[in-house]
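# Report on the structure
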Amino acid sequence: MTSNVKEIFAGAGGASPAPAALAAKVRTLAPSMTRSMQRVAEAVAGDPAGCAALTVTGLAELTGTSEATVVRTARLLGYPGYRDLRLALAGLAAQQQSGRAPSVTADIAVDDPIADVVAKLAYDEQQTLADTAAGLDTAQLGAAVTALAAARRIDIYGIGASSLVGQDLAQKLLRIGLIAHAHGDPHLAITNAVQLRAKDVAIAITHSGSTGDVIEPLRVAFEHGATTIAITGRPDGPVSQYADHILTTSTARESELRPAAMSSRTSQLLVVDCLFVGVAQRTYESAAPALSASYEALAHRHSPRSTGR
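Residues numbered from 1 in each chain as written. Predicted model: local features only at pLDDT ≥ 70, side-chain atom pairs only at ≥ 80, totals over all residues. Heavy atoms only, no water.

Taken as a whole, this structure holds eight salt bridges when the rule is applied. The shortest N-O distance in the salt bridge between Arg-152 and Asp-200 comes to 2.8 Å. Of this pair, Arg-152 sits in the loop between helix 9 (138-149) and strand 1 (154-158) while Asp-200 sits in the loop between helix 11 (186-193) and strand 3 (201-206), and the two are 48 residues apart along the sequence. For Arg-152, a relative accessible area of 47% translates into the label partly exposed. With a relative accessible area of 0%, Asp-200 lands in the buried category. Between Arg-219 and Glu-216 there is a salt bridge, and its shortest N-O distance comes to 2.5 Å. Of this pair, Arg-219 and Glu-216 both sit in helix 12 (residues 212-223), separated by three residues, roughly a single helical turn. Taken together, the shared-partner salt bridges connect Asp-168, Lys-172 and Asp-273 into one network. (Salt bridge = Lys/Arg side-chain N within 4 Å of Asp/Glu carboxyl O. Helix = DSSP H or I, 4+ residues; strand = E, 2+ residues; numbered from the N terminus. Buried < 20%, exposed > 50% of the residue type's maximum accessible area, 1.4 Å probe, protein only.)

As structure tokens, then:
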């Protein structure tokens, strides 16, 4: 073993992700890896049982990479070293052999019957939610909930499909008495971000982690002292440098008939619901009456209108 690899093994620490989180992390992080690291990630995701039986040297030879690349990939996936990755691979292989559904389904074809489309979309949605839940850092989530529950004001930034998710979160928070605004216009987002201060919270929603119209207002909010949160599928993307807390989402595989916006929105909505429920729990004494009041105010709009005089 080279000294470089020994240095990577040395000083490793922290808790390793559960086996269920391994497949989720591979799917989430692989697109941002180097090509050599992608080969390692694809190998362990494609054949966890076979790779679990390999030494670090064996996996390096199998993937045409180096021992250092294998260990760096393991650590990027959240494991202190290759030994910990092997244990997770063995656990994942055992789960797959127990009869669970495979992690990948076929892409939707142009001539698929509608029943097959429903089945494939349903499975992909389930997998996306499971991957997001498995990979979500609950410590980061808890810190984000704490900040939101105590916030004077909350600004949410998103563009396109992410803007819809931002609106959903803002509406939920408003219903429990918090001051929250979703901004889909980048100019308005920046002019509002300038007004934020230390007791405020800014949330950026960007699957790619590199959407300039979302990153810019988050940067402004960050520089003005607000607590900043990023909901992103790329935790290593540019948005992370201005985020105090990062909540990672997962997505199903993108295909011609299923663009990234569809699957990313599913995982973003799960994170948004987790944030909302967490905040409602923390502020229950004020949130419960606020929710009841909003239900009462809207109740007559959900009742059939009388046509009699």
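Where helix 5 (residues 56-63) meets helix 6 (residues 67-76), the closest approach of the two axes is 8 Å, and the angle between their N-to-C directions is 100 degrees. Considering their axes alone, helix 5 and helix 6 lie roughly perpendicular with respect to each other. In this structure, helix 5 uses Val-56, Thr-57, Leu-59 and Ala-60 to contact helix 6, whose residues at the interface are Glu-67, Val-70 and Val-71. Here the contact of helix 5 with helix 6 is composed, by residue class, of five nonpolar, one polar and one charged. (Axes fitted to C-alpha atoms, helices over the stretch in contact; angles between N-to-C directions. Parallel < 35°, antiparallel > 145°, perpendicular 65-115°, else oblique. Contact = heavy atoms within 4.5 Å. Nonpolar A, V, L, I, M, F, W, Y, C, P; charged D, E, K, R; others polar.)

This part takes up the pairing of strand 3. Two faces make up the sheet, and in a regular strand the side chains alternate between them. Within strand 3, six of the six residues are buried, which leaves the element mostly enclosed by the surrounding structure. Taking every second residue as pointing to the same face, both faces of strand 3 are buried, with Val-201, Ile-203 and Ile-205 on one and Ala-202, Ala-204 and Thr-206 on the other. Direction of pairing for strand 1 relative to strand 3: parallel, over a ladder of five bridges. Paired with Asp-155 across the bridge in strand 3 is Ala-202. (Pairing = 2+ DSSP bridges.)

Another aspect to go through is the packing of aromatic side chains. A complete count under the given rule lists one aromatic pair for this structure. Here the guanidinium or amino end of Arg-175 rests over the ring plane of Tyr-295, the centre of that ring lying 4.7 Å away. (Phe/Tyr/Trp six-rings, centres within 6.5 Å; stacked < 30°, edge-to-face > 60°. Lys NZ or Arg CZ within 6 Å of the ring centre and 35° of its normal.)

Side chains of a nonpolar character, in soluble globular proteins, are inclined to be buried together. Counting 29 residues, the largest nonpolar core has Ile-154, Leu-173, Ile-203, Leu-247 and Leu-275 as its most contacted members. Elements supplying a minimum of two residues to this core: helix 9, strand 1, helix 10 (161-175), strand 3, strand 4 (227-232) and helix 13 (260-282). Beyond its immediate stretch of four places on either side in the chain, Ile-154 contacts Leu-148, Leu-173, Leu-178, Ile-179, Ala-180, His-181, Val-201 and Ile-203. The next biggest cluster of nonpolar side chains, apart from the first, holds 25 residues, and it includes Val-40, Ala-41, Ala-43 and Ala-88. (Core = buried A, V, L, I, M, F, W, Y, C linked by side-chain atoms within 4.5 Å.)

This part is about the packing of helix 11 against helix 12. With their axes 8 Å apart at the nearest point, helix 11 and helix 12 run at an angle of 10 degrees to one another. By the angle class used here, helix 11 and helix 12 are roughly parallel. Residue-level inspection shows Pro-186, Ala-189, Ile-190 and Ala-193 of helix 11 in contact with helix 12, the latter providing Asp-213, Glu-216, Pro-217, Val-220 and Ala-221. Partitioned by chemical class, the residues of the contact of helix 11 with helix 12 number seven nonpolar, no polar and two charged.

Read across the open sheet, the five strands follow the order 2-1-3-4-5; overall the sheet is parallel. Only two strands of the sheet have a single partner each, and these edge strands are strand 2 (180-183) and strand 5 (245-248). Along the sheet, successive strands turn relative to each other by an average axial angle of 15 degrees, direction set aside. When strand 3 meets strand 4, the two strands line up parallel, connected through six bridges. Within strand 4, the position partnered with Ile-203 by the bridge is Ile-229. The strands touched by helix 11 are strand 1 and strand 2; relative to strand 1, the strand with the most contacts, the crossing angle is about 150 degrees.

Another aspect to go through is helix 7 (residues 82-97). An ideal rise of 1.5 Å per residue puts 22 Å on 16 residues; helix 7 measures up with 22 Å between its terminal C-alpha atoms. Among all positions of helix 7, only Tyr-82, Leu-85, Ala-88, Leu-89, Leu-92 and Ala-93 are buried. Along the long axis of helix 7, the arc covered by the buried residues comes to 145 degrees, so they all point the same way. Of the residues in helix 7, the exposed ones pointing more than 90 degrees away from the buried face are Arg-83, Leu-87 and Gln-97. (Expected span 1.5 Å × (residues − 1). Arc of directions from axis to C-beta.)

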